Amino acid sequence: MSRIKHIIFDLDCTLYPADSAMSRDISYRIKKYAADFWQVDFEEGVRQRKEAIKKHGTTLDWLVEDGGLSDIEDYFAAVHPENECDGLAKAPELRPLLASLPYNKVILTNAPYEHADRVLTFLEVRDLFDAICDIRQNGLKGKPAASAYERALSLCNGTVQDTLFLDDEEGYANGYAALGGTAILVTKRERKSATQAFPGSVIQIPDIYALPALLESIGKAD
């Protein structure tokens, strides 16, 4: 890739640990909303959602396209209540890490703007990001739709050649690699598609704090 000029960051479970209480609570609320929407019990809703995600990519897309969900704001309010950060711990080491990265930084999230703004403010890093690209800006078509990455790239005036993308979800990292970009998969989980070929590449790190060392190695390779 070209010299790195920009980094697009996923928000949830990328800037903070995937095992946080807030992450678990968000996941539960999404699954419960889906089960209630389809009027099935929780376990059946989880099963249906697992299958639907393979086709739709996001729960919201599934509910809209297959179920005709029209009150999108009701979904957002249910999944992301105002007190959601009660389940999130402060991360004093995060700000110095992000501040040390001399690149334009943009958030790309499948959540609404208010959630991203709330979390970044809680983590005391909101001012370090040039823009937030949320699900509304993307016309409710989130990652892994190509349009979501392209929108985020336009916000940082970047290209797939000079912009890294970080995400904890393998499918979303693969989506960026499929466009020819370099994606950083932030997870301790074993990859399912490590041998799959993409025009771009996917590099795995265990957490956000391993990013500086990776950037240094990429810089040396340029």
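Everything below is about the structure shown above.
Residues numbered from 1 in each chain as written. Predicted model: local features only at pLDDT ≥ 70, side-chain atom pairs only at ≥ 80, totals over all residues. Heavy atoms only, no water.

Chemist: Is there a simple way to think about the state of the cysteines in this case?
Modeler: The bond known as a disulfide is covalent and runs between the sulfur atoms of two cysteines. Summed over the entire model, instances satisfying the criterion amount to zero disulfides. Considering cysteine sulfurs only, cysteine 156 is the nearest to cysteine 133, which forms no disulfide, with 9.6 Å between them. What makes cysteine 133 buried here is its relative accessible area of 0%. Look at cysteine 156 and you get buried, because its relative accessible area is 4%. (Disulfide = S-S within 2.5 Å. Buried < 20%, exposed > 50% of the residue type's maximum accessible area, 1.4 Å probe, protein only.)

Chemist: Looking at this model, I keep getting lost on the pairing of strand S5 (residues 182–186). Mind explaining?
Modeler: Looking along a regular strand, one sees side chains alternate from face to face of the sheet. Most of S5 is tucked away, with five of its five residues classed as buried. Residues Thr182, Ile184 and Val186 point to one face of S5 and Ala183 and Leu185 to the other, with burial holding for every one of them. In the sheet, strand S4 (residues 163–167) pairs with S5 via four bridges, with the strands oriented parallel. Within the sheet, the bridge partner assigned to leucine 166 lies in S5 and is isoleucine 184. Chirality of the crossover, the property in question, places the unit of S4, helix H8 (residues 170–177) and S5 among those that are right-handed. (Helix = DSSP H or I, 4+ residues; strand = E, 2+ residues; numbered from the N terminus. Pairing = 2+ DSSP bridges. Right-handed = clockwise from strand over helix to strand, strands pointing away.)

Chemist: How do you make sense of the sheet that holds strand S2 (residues 104–108) when you look at a structure like this?
Modeler: Where strands meet in a sheet, backbone hydrogen bonds hold them as pairs that are either parallel or antiparallel. Read across the open sheet, the six strands follow the order S3-S2-S1-S4-S5-S6; overall the sheet is parallel. Both edges of this open sheet fall to strand S3 (131–133) and strand S6 (201–205), since each of them pairs with a single strand only. For this sheet, the mean angle separating the axes of adjacent strands, direction not counted, is 25°. Here three bridges tie S2 to S3, and the two strands are oriented parallel to one another. From the neighbouring strand, valine 106 faces S3, where its bridge partner is alanine 131. Sitting on the sheet, helix H7 (residues 146–155) is in contact with strand S1 (6–9), S2, S3 and S4, with an inclination near 165° to S3. The strands touched by H8 are S4, S5 and S6; relative to S4, the strand with the most contacts, the crossing angle is about 165°. (Axes fitted to C-alpha atoms, helices over the stretch in contact; angles between N-to-C directions. Contact = heavy atoms within 4.5 Å.)

Chemist: Help me understand the layout of surface pockets, please; the structure alone is not making it clear to me.
Modeler: Gaps between atoms show up when a probe of the same size as a water molecule is rolled over them. Space inside the largest pocket adds up to approximately 1400 Å³. Taken together, 44 residues form the lining of the largest pocket, with Arg49, Ile53, Gly57, Glu169 and Tyr172 sitting closest to its centre. Of all the secondary-structure elements, those providing two or more residues to the lining of the largest pocket are helix H1 (21–38), helix H2 (42–56), helix H3 (59–67), helix H4 (72–79) and H8. Across the lining of the largest pocket, the residue classes break down as 17 nonpolar, 12 polar and 15 charged. Within this model, the second largest pocket holds a volume of roughly 350 Å³. What lines the second largest pocket is a set of 22 residues, among which Tyr16, Pro17, Ala18, Lys188 and Asp207 lie closest to the centre. (1 Å grid on protein atoms, 1.4 Å probe; cavity = no way out; pocket = protein on both sides within 12 Å on 5 of 7 lines; lining within 4 Å. Points joined across faces, edges and corners; volume = space filled by probe spheres on them. Nonpolar A, V, L, I, M, F, W, Y, C, P; charged D, E, K, R; others polar.)

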